[in-house]
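Coordinate inspection notes
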Amino acid sequence: MTRNTELFERASNIIPGGVNSPVRAFRSVGGTPAFIERAQGPYIWDADNTRYIDYIGSWGPAILGHAHPEVVKAVQEAAANGLSFGAPTEAEIELAELISQRVPSMEKVRLVSSGTEATMSAIRLARGATGRDKIVKFEGCYHGHADSLLVKAGSGMLTFGNPTSAGVPAEFIQHTMVLDYNDLNAVEQAFKQAGDDIACVIIEPAAGNMNLVRPAEGFLEGLRELCTQYGALLIFDEVMTGFRVGPRSMQGLCGVTPDLTTLAKVIGGGMPVGAFGGQAGVMDHVAPLGSVYQAGTLSGNPVAVAAGLATLRLTAQPGFYDDLAAATARLTLGLSERAKAAGVTLATDALGGMFGLYFRETVPTSFAEVAASNTEQFNQFFHGMLAQGVHLAPSAFEAGFVSAAHDNTAIDATLQAAETVLTTMGQS
Ligand SMILES: *Cc1c(COP(=O)(O)O)cnc(C)c1O
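So, here's what we can say about the structure. What you are looking at is a predicted structure, and each value in this text was computed from that prediction instead of being measured.

Definitions and cut-offs
- Residues numbered from 1 in each chain as written.
- Predicted model: local features only at pLDDT ≥ 70, side-chain atom pairs only at ≥ 80, totals over all residues.
- Heavy atoms only, no water.
- Axes fitted to C-alpha atoms, helices over the stretch in contact; angles between N-to-C directions.
- Helix = DSSP H or I, 4+ residues; strand = E, 2+ residues; numbered from the N terminus.
- Parallel < 35°, antiparallel > 145°, perpendicular 65-115°, else oblique.
- Left-handed = near helix turned anticlockwise from the far one by under 90°.
- Contact = heavy atoms within 4.5 Å.
- Expected span 1.5 Å × (residues − 1).
- Buried < 20%, exposed > 50% of the residue type's maximum accessible area, 1.4 Å probe, protein only.
- Arc of directions from axis to C-beta.
- Phe/Tyr/Trp six-rings, centres within 6.5 Å; stacked < 30°, edge-to-face > 60°.
- Lys NZ or Arg CZ within 6 Å of the ring centre and 35° of its normal.
- 1 Å grid on protein atoms, 1.4 Å probe; cavity = no way out; pocket = protein on both sides within 12 Å on 5 of 7 lines; lining within 4 Å.
- Points joined across faces, edges and corners; volume = space filled by probe spheres on them.
- Nonpolar A, V, L, I, M, F, W, Y, C, P; charged D, E, K, R; others polar.

Details of the packing of helix 10 (residues 320-342) against helix 13 (residues 408-427)
Taken N-terminus to C-terminus, the directions of helix 10 and helix 13 make an angle of 20 degrees; their axes are 9 Å apart at the nearest point. Relative to helix 13, helix 10 is oriented roughly parallel. With respect to the hand of their crossing, helix 10 and helix 13 are arranged in right-handed fashion. On helix 13, the residues that touch Ala327, Arg330, Leu331, Gly334, Leu335, Arg338, Ala339 and Ala342 of helix 10 are Asn408, Ile411, Asp412, Thr414, Leu415, Ala418, Glu419, Leu422, Thr423 and Gly426.

A look at helix 2 (residues 69-80)
Compared with the 16 Å implied by 1.5 Å per residue over 12 residues, the 16 Å span of helix 2 between its first and last C-alpha is a close match. All buried positions along helix 2 are accounted for by Val71, Ala74 and Ala78. Down the axis, helix 2 shows its buried residues gathered within 60 degrees of arc, on one side only. Facing away from the buried side of helix 2 by over 90 degrees, the exposed positions are Pro69, Lys73, Gln76 and Ala80.

With respect to the packing of aromatic side chains
Inspection of every chain in the model, using the stated rule, returns 13 aromatic pairs. Each ring, one from Tyr55 and one from Phe355, has its centre 5.8 Å from the other, and the planes form 80 degrees; the classification is edge-to-face. With Tyr55 in the loop between strand 3 (51-54) and helix 2 and Phe355 in strand 14 (residues 354-358), this residue pair connects regions lying 300 residues apart in the sequence. Across the pair, exposure class does not vary: Tyr55 and Phe355 are buried alike. For the ring pair Phe359 and Phe378, a centre distance of 6.5 Å and an interplane angle of 65 degrees mean the geometry is edge-to-face. Of this pair, Phe359 sits in the loop between strand 14 and helix 11 (367-371) while Phe378 sits in helix 12 (residues 375-387), and the two are 19 residues apart along the sequence. Note on Phe359: relative accessible area 5%, which makes it buried. The class for Phe378 is buried, based on a relative accessible area of 5%. Members of the aromatic cluster, joined through ring pairs, are Phe26, Phe359, Phe378, Phe381 and Phe382. Directly above the aromatic system of Trp45 lies the positively charged group of Arg38, at a separation of 4.2 Å from the ring centroid. Positioned over the ring face of Tyr43 is Arg51, at 3.8 Å from the centre of the ring.

Quick word on helix 3 (residues 90-102)
Along its 13 residues, helix 3 runs 19 Å from first to last C-alpha, staying within 8% of the 18 Å computed at 1.5 Å per residue. Within helix 3 the residues assigned to the buried category are Glu92, Leu95, Ala96, Leu98, Ile99, Ser100 and Arg102. Along its buried surface, helix 3 packs onto strand 4 (108-112), strand 11 (260-263), strand 12 (274-278), helix 9 (302-315) and helix 10.

As for empty space enclosed by the protein
Using the criterion set out here, one finds 2 cavities of 30 Å³ or more in the structure. Approximately 90 Å³ is the volume found for the largest cavity. Contributing to the lining of the largest cavity are Tyr55, Asn211, Phe355, Gly356, Leu357, Phe378, Leu392, Ala393, Ser395, Glu398, Ala399 and Gly400. Here the lining of the largest cavity gets 3 residues from one element, more than from any other, and that element is strand 14. Across the lining of the largest cavity, the residue classes tally to 7 nonpolar, 4 polar and 1 charged. Space inside the second largest cavity adds up to approximately 40 Å³. In terms of lining, the second largest cavity is formed by Gly41, Asp54, Gly57, Ala62, Gly65, His66, Arg244, Phe401, Val402, Ser403 and His406.

Quick look at the packing of helix 3 against helix 9
In contact at an axis separation of 10 Å, helix 3 and helix 9 are set at 35 degrees when each is read in the N-to-C sense. In the crossing of helix 3 with helix 9, the sense of the turn from one axis to the other is left-handed. Residue-level inspection shows Ala91, Glu92, Glu94, Leu95, Leu98, Ile99 and Arg102 of helix 3 in contact with helix 9, the latter providing Val305, Gly308, Leu309, Leu312, Arg313 and Thr315. Considered class by class, the residues forming the contact of helix 3 with helix 9 number 7 nonpolar, 2 polar and 4 charged.

Structure follows, in structure tokens:
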């Protein structure tokens, strides 16, 4: 028995499913997850000392690659000064200022400890600030695991959705409307019917939790107009895309300005940091200034903030995002070429340091299209790549992540592995 399998059995006895977050389990691809012992740059090593080129990057945070020396140093220095105070620190101001400078729509920023907390708080704020209850979300977007967000579409367009988790009472989601991503008509209809009751529209401005799905031309602009017209707040959940797709996040690329933004992942550089922010007038509804309650014992934790600050500062180097996008495009174009040569149907897309691989003819534009891709082929590809030392997300419904540490050596090795795997797939 390998040490990985041994650890998985031991973990399964004490931790549900052997993992502390379900995406880490190999439920959809089958097999045993690798237990990681260490990581450096683009590489991770498992408990059997097998090295992998990593395209999960902690599900987004590791934009500099793993264990970047400057980030590690910042964490060590902060830790030596105390782990947590429950009182404000200067570093929190610096992180909030840095975020606001680079994402100017976030005039004021509140730090939290996870993406779930950020989105949950932003929605409470939107409801508190507008005095309305209903929220609009889109099928296939993930906004963390707060009750009112664990919903999938019901049968009719404007019927209320169904919980996607046991333990969520139907009453808790009766104010959540679930529409199709990129379907502006549906949003228009929803506003026509319930516009005066809609507090906010929350969206991943480029979706990364149903594989990678871009917004269609005019879709985000249309949401902006409708929200403005009806007095609802537009929330961009940039927990994944924030400082991942470009220096000003997705809102910098698309030119649409949301009222509120949520961040996490990259802004913690691998430590638990989240944030929500927006117009000062809206943010001032948050306690202690306003009546929307929100709090956290470890919010703005000094060690976590040190990691986030060091990470964001390094991403501000000139050309950082151009190089990252070029490396990501090199990977996806290389994969497309090799799939074509092997006779395997594969579409790919890349956005900054994010990428999508779809075993179907075209790049998908909705959850339904992603769902119609060939998951059996994905699973084959996933396990083939794993055996070749490449660690991809264990699901056809996840985006992949490239870091600044993925140099030509790492990407060429990945493409060579893919050639072997795709050629075998093409022959079967
Ligand atoms: C990861 C993610 C979340 C949840 O963040 P956690 O830190 O896991 O709670 C929310 N929204 C989006 C878009 C995400 O990608």
